[in-house]
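# Structure assessment
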Amino acid sequence: MPTTADLMKRTLRKAFVADAVEGLFGSGPERAISAYTSFWAPGTHPTTIVECPLLGEASYDVLVGSYGRPLREAPRLPDAAPPACHAAFGWAASLDGGDIDLFFELDAQGPKGQHPGVHCRHWGDLDAADDFFRVMGEGWRAPLYRAAAERLPQGWRAVFAAVFAGRPGAPTRLELTLSKHERQAVGEDPARLRACFDHLGFEAYDAAMLEAVCRLAAMSRLDTLQFDIGDDGTLGTTFSITSCFERTGAGFHGLFQDDGDIGRICTTYEQMGISDGRWRLAEGAVFATKGIALVDGAMRHVTTVSIPNCGKAKWIDARLQPAKLYLLQGAFAEQEWGLGAHG
């Protein structure tokens, strides 16, 4: 009887279809499988998210995380991971009923042994964010993050914190969601977005960037905005907006049509000059398969998926960067399917 780990390896191999390997991923699934197996531990069934640029050289990076499942024990991490990363996952595993997700990010293009970035989804619990930075050995970042989170405009809520342990000069990452009302307001009025940026002290924008961010905000059912916080507490010059794709059950392929989430958003990326047509290759890597696997010692119905998760547009000093597409792979027990996704 296969385990969920066995099914995940099969899922990753199946997702890396020939056309997508050549034009989207740039290489095969080996690094994604290695990242997954480095994270896996008994009682933990992690999810992978493969991140692909939509312009320039085909390549991919990997995020692996707990994705809404309680961590009953700290997972096994790569040997290169610093002690703080092990401590962070141990902390999350020790929480009783906590609603904390942790992801670690491996830069496939970086040097061997590069420290992973660690992302914590705390759902607006700033005390949990404080604890996250503390166990990462980066407690000095906690007041910087909290100050930025607490000065967010009404309808803007911090939900993710991230730190790249062991990388000198790395900023503190803040990711936030917009309420439905605020997303509509931003999508309709660049002046509203300008006022929010000014309120936060974010200066790295121009009129074209405001128009593009508002256009994207109006297109998605769920967006997250991302800022970097410098050591002095000010916001840096990097900004991103992530557009999450709607889950449509067996109809994932409809997302790639002209009126589907992916079709509309990625065509907009093309019009913005930050994507070529390679995003269409991802359709061949999308599937959902039902089966039976050994989960925590018992046979259970499991759905294995490789699905579109989100797209991201990014600016540095108000200059557009190549867009990115994120594909999620997971093996979910029947009652788990339908969990929310990372943006």
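Structural data are supplied above this passage.
The paragraphs below set out a description of the structure included in this document. Please read all numbers here as calculations on a predicted model, not as lab measurements. (Residues numbered from 1 in each chain as written. Predicted model: local features only at pLDDT ≥ 70, side-chain atom pairs only at ≥ 80, totals over all residues. Heavy atoms only, no water.)

### Quick look at the nonpolar core
- F25 and W156 are the most contacted members of the largest nonpolar core, which totals 117 residues.
- Apart from residues no more than four positions distant in its own chain, F25 is found in contact with A15, F16, A20, V50, C52, A58, S59, Y60, A285 and L327. (Core = buried A, V, L, I, M, F, W, Y, C linked by side-chain atoms within 4.5 Å. Buried < 20%, exposed > 50% of the residue type's maximum accessible area, 1.4 Å probe, protein only. Contact = heavy atoms within 4.5 Å.)

### A short note on helix α6 (residues 141–150)
- Buried within α6 we find R141, A142, L144, Y145, A148 and A149. Down the axis of α6, the buried side of the element spans an arc of 165°, and every buried residue falls inside it. In this structure, α6 carries P143 and E150 as exposed residues pointing more than 90 degrees from its buried face.
- Along its buried surface, α6 packs onto α5 (126–135), β5 (156–163), β6 (172–178) and β7 (223–229). (Helix = DSSP H or I, 4+ residues; strand = E, 2+ residues; numbered from the N terminus. Arc of directions from axis to C-beta.)

### Side note on the packing of helix α1 (residues 4–15) against helix α3 (residues 30–39)
- It is the contact of α1 with α3, at a shortest axis distance of 9 Å, that shows an interaxial angle of 160°. Here α1 is positioned roughly antiparallel relative to α3, judged by the angle of their axes. The handedness of the crossing between α1 and α3 comes out as right-handed. Contacts between α1 and α3 involve T4, A5, M8, K9, L12 and R13 from the first element and A32, I33, Y36 and T37 from the second.
- Residues belonging to the contact of α1 with α3 are distributed by class as follows: six nonpolar, two polar and two charged. (Axes fitted to C-alpha atoms, helices over the stretch in contact; angles between N-to-C directions. Parallel < 35°, antiparallel > 145°, perpendicular 65-115°, else oblique. Left-handed = near helix turned anticlockwise from the far one by under 90°. Nonpolar A, V, L, I, M, F, W, Y, C, P; charged D, E, K, R; others polar.)

### A few points about helix α9 (residues 207–217)
- Every buried residue belonging to α9 is among M209, L210, A212, V213, C214, L216 and A217, and all of these are buried.
- If you follow the buried residues of α9, they end up packed against α7 (180–188), α8 (190–200), β7, β8 (235–244), α10 (261–272) and β10 (298–316).
- Measuring from the backbone nitrogen of A208 back to the side-chain oxygen at the start of α9 gives 3.3 Å, which picks out D206 as the cap. (Polar contact = N/O pair within 3.5 Å; in protein donor to acceptor, adjacent residues only side chain to side chain.)

### Observations regarding empty space enclosed by the protein
- Per the counting criterion, the structure on display carries one cavity of 30 Å³ or more.
- Here the largest cavity is characterised by a volume of approximately 40 Å³. (1 Å grid on protein atoms, 1.4 Å probe; cavity = no way out; pocket = protein on both sides within 12 Å on 5 of 7 lines; lining within 4 Å. Points joined across faces, edges and corners; volume = space filled by probe spheres on them.)

### Some details on the side chain of D101
- Considering the arrangement of structural elements, one finds D101 in strand β3 (residues 101–106).
- Given the relative accessible area of 2%, D101 is considered buried.
- For D101, the side chain forms a polar contact with the side chain of R121, separated by 2.4 Å.

### Describing unusual backbone geometry
- Phi is positive for W123, which is not a glycine, with a value near 60°.
- On the basis of relative accessibility, which here comes to 36%, the residue W123 falls in the partly exposed class.
- Look at D317: it is not a glycine, yet its phi comes out positive at around 55°.
- Residue placement: D317 occurs in the loop between β10 and β11 (319–320).

### Some thoughts on the pairing of β7
- Counting buried positions along β7 yields seven of seven residues, so the element is predominantly enclosed.
- Burial along β7 is two-sided: the residues D223, L225, F227 and I229 and T224, Q226 and D228 are all buried.
- Inspection of the sheet shows β7 paired to β8 by six bridges, in the antiparallel sense. When the sheet's bridge partners are listed, F227 is paired in β8 with F239.
- Hairpin remark: β7 followed by β8, antiparallel, with five residues in the connecting loop; positive phi at G233, about 90°. (Pairing = 2+ DSSP bridges.)

### Observations regarding the pattern of salt bridges
- Evaluation of the coordinates by the stated rule reveals 13 salt bridges.
- Note that R121 and D101 form a salt bridge whose closest N and O atoms lie 2.4 Å from each other. With R121 in strand β4 (residues 117–121) and D101 in strand β3, the pair connects residues that are 20 residues apart, well separated along the chain. Of the two residues, R121 and D101, both sit in the buried class.
- A salt bridge links E182 to R192, with the nearest nitrogen and oxygen atoms 2.7 Å apart. Residue E182 is located in helix α7, and its partner R192 is located in helix α8; the two are separated by ten residues in the primary sequence.
- According to the relative accessible area criterion, R192 is partly exposed, its value standing at 28%. (Salt bridge = Lys/Arg side-chain N within 4 Å of Asp/Glu carboxyl O.)

### What to know about the environment of L63
- Secondary-structure assignment places L63 in strand β2 (residues 61–65).
- On the accessibility criterion, L63 (3% relative accessible area) is buried.
- Spatially, the C-alpha atoms of L63 and G117 are 9.0 Å apart, while their sequence positions differ by 54 residues.

### Focus on the packing of aromatic side chains
- Under the defined criterion, the tally for this structure stands at 15 aromatic pairs.
- Pairing F16 with Y60 gives two aromatic rings, centres 5.1 Å apart and planes at 70°, and the pair type is edge-to-face. Placement of F16 in the loop between α1 and α2 (18–25) and of Y60 in the loop between β1 (47–53) and β2 is noted, with a sequence separation of 44 residues between them. Side by side, F16 and Y60 carry an identical accessibility label, which is buried.
- When the ring of F133 is compared with that of Y145, the centres are 5.5 Å apart and the planes differ by 55°; the resulting orientation is tilted. One end of the pair, F133, is in helix α5; the other, Y145, is in helix α6, and twelve residues separate them in sequence.
- Of the residues examined, F133 reaches a relative accessible area of 0% and is grouped as buried. (Phe/Tyr/Trp six-rings, centres within 6.5 Å; stacked < 30°, edge-to-face > 60°.)

Functional significance is not addressed by these values, which are geometric in nature.
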